[in-house]
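# Breakdown of the fold
Okay, here's what each chain looks like letter by letter:
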Amino acid sequence: MRKSKFTLHYTVMLLQIICLLSPAFAIAGQFNLLHTINEGISGKSCDVTLKYCVEQKCKIPFRKVRSGIQSAYAFFGKLGYTEKFPVTIVFKPEVNVDWSSGDDKKSIRVLGKYDEEEKTIYLTCWRDKWISGRNDFDLDMTYEFYRTIVAHEMIHFLANRFSKSRVNSILSEYIAYSGQIELLPEETVRLLVEKYKVQPFEESEIGEYLFVMDPGVFGLKSYLHYKNSKGLLVKQILDGSVMEPPNSWPPY
Ligand SMILES: [Zn+2]
């Protein structure tokens, strides 16, 4: 039972990737701009603009949002990438992605997504019945977990800023999940790896197939590979020496 739950929720998390493929969403006129803040991400410098757009009646744990952004910068900082970039985050009561497979088209609710066309992060407000009932990675939806979602989406944004060209969506997920899972307590990650018997990726395995079949396992395997390789693949993706997932299934 727990296992199927795990897979189900990962399937929903997987759809965060669709943000990279989904059509642009119009912002103008739909949101109250509550905050445009010039604010030091580290608390020491003031070179980053955070623009928060918030729909009415939307509660936001701003401290956790800022912490998630800092964590994303820290993830890249360890690899030598330290530049700061302005970013826009739009908070909405409900964030959806359009999903289509053949004739089957649907809109699916997600916690967050990143849209590279708009260079905008969309996050679900805190916190209604739907978000309270989530338990991605078998974990309760806490402020702390919300922070990791912010970091995940921010890493998508930053990966595209630090790279020489637009990052392939599956490779972007490899990076985002590595950074997100690194924020979970070590003991939690160890228990998840044991419970689901996850091995680190062999580099040749990294590709869309596992991401589609089981994004949770994809995320854990990515993290383990990232740790074992000391972030080498992330650097190769950002410097353009790896531009496609090593595993090319399905062949397009
Ligand atoms: Zn993602």
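Anything mentioned here points back to the structure above.
An account of the accompanying structure is given in this report. Every value quoted in this text rests on a predicted model; they were computed, and no experiment measured them.

## As for the overall build of the protein
- Looking only at helices and strands, one finds nine helices and seven strands in the protein.
- Within the protein, buried positions represent 36% of all 252 residues.
- By sequence separation, contacts in the protein at least 24 residues apart represent 74% of the contacts at least 6 residues apart.

## Here's the deal with helix 5 (residues 169-182)
- Taking 1.5 Å per residue, 14 residues should reach 20 Å; helix 5 reaches 20 Å between its end C-alpha atoms and fits that length.
- In terms of burial, helix 5 is a largely internal element, twelve of the 14 residues being buried.
- Restricting attention to buried positions, one finds in helix 5 the residues Ile 170, Leu 171, Ser 172, Glu 173, Tyr 174, Ile 175, Ala 176, Tyr 177, Ser 178, Gly 179, Gln 180 and Ile 181.
- Check the buried side of helix 5 and you find it contacts helix 2 (62-77), helix 4 (143-162), helix 6 (186-195), helix 7 (208-213), helix 8 (215-228) and helix 9 (232-238).

## Some points on the packing of helix 2 against helix 4
- One can describe the packing of helix 2 onto helix 4 by two numbers: an axis separation of 7 Å at closest approach and a directional angle of 45°. Put simply, helix 2 runs oblique to helix 4. In the crossing of helix 2 with helix 4, the sense of the turn from one axis to the other is right-handed. Listed contacts from helix 4 to Lys 64, Val 65, Ser 67, Gly 68, Ile 69, Ser 71, Ala 72, Phe 75 and Phe 76 of helix 2 are Tyr 143, Tyr 146, Arg 147, Thr 148, Val 150, Ala 151, Met 154, Ile 155, Leu 158 and Phe 162.
- Looking at the contact of helix 2 with helix 4 residue by residue, the class counts come to 13 nonpolar, four polar and two charged.

## Some thoughts on unusual backbone geometry
- Look at the link from Trp 126 to Arg 127: it is a cis peptide, with omega at -10°.
- Examined against the element boundaries, Arg 127 turns out to sit in the loop between strand 7 (120-124) and helix 3 (129-132).
- Of note in the backbone geometry, Asp 138 takes a positive phi value of approximately 65° without being a glycine.
- Mapping Asp 138 onto the fold places it in the loop between helix 3 and helix 4.
- Residue class for Asp 138 comes out partly exposed when judged on the 17 C-beta atoms lying within 10 Å of it.
- Of note in this structure, Lys 197 is not a glycine but carries a positive phi near 50°.
- Mapped onto the elements, Lys 197 comes out in the loop between helix 6 and helix 7.
- Among the residues examined, Lys 197 registers 7 C-beta atoms within 10 Å and is labelled exposed.

## Considering the nonpolar core
- Residues Ala 72, Ile 121, Val 150, Met 154, Ile 155, Leu 158 and Ile 175 are the most contacted members of the largest nonpolar core, which totals 53 residues.
- In terms of residue count, the dominant contributor to this core is helix 4 (ten residues).
- Leave out the neighbours within four places in its chain, and Ile 121 touches Val 87, Ile 89, Gly 112, Tyr 114, Glu 153, Met 154 and Phe 157.

## With respect to helix 8
- Its 14 residues give helix 8 an end-to-end C-alpha distance of 20 Å, which sits within 8% of 20 Å, the value for a rise of 1.5 Å per residue.
- Burial within helix 8 is extensive, with eleven of its 14 residues counted as buried.

## Focus on the packing of helix 4 against helix 5
- Interhelical geometry of helix 4 versus helix 5 gives an angle of 140° and a closest axis separation of 8 Å. One way to sum up the angle between helix 4 and helix 5 is to call them oblique. Along this stretch, helix 4 crosses helix 5, giving a crossing that reads as right-handed. Taking contact as the criterion, the partners of Thr 148, Ala 151, His 152, Ile 155, His 156 and Ala 159 in helix 4 are, on helix 5, Ser 172, Ile 175, Ala 176, Gly 179 and Gln 180.
- A per-class count over the contact of helix 4 with helix 5 returns five nonpolar, six polar and no charged.

Rules of the game
- Residues numbered from 1 in each chain as written.
- Predicted model: local features only at pLDDT ≥ 70, side-chain atom pairs only at ≥ 80, totals over all residues.
- Helix = DSSP H or I, 4+ residues; strand = E, 2+ residues; numbered from the N terminus.
- Buried ≥ 20, exposed ≤ 12 C-beta atoms within 10 Å, placed from the backbone.
- Contact = placed C-beta atoms within 7 Å.
- Expected span 1.5 Å × (residues − 1).
- Axes fitted to C-alpha atoms, helices over the stretch in contact; angles between N-to-C directions.
- Parallel < 35°, antiparallel > 145°, perpendicular 65-115°, else oblique.
- Left-handed = near helix turned anticlockwise from the far one by under 90°.
- Nonpolar A, V, L, I, M, F, W, Y, C, P; charged D, E, K, R; others polar.
- Core = buried A, V, L, I, M, F, W, Y, C linked by C-beta atoms within 7 Å.

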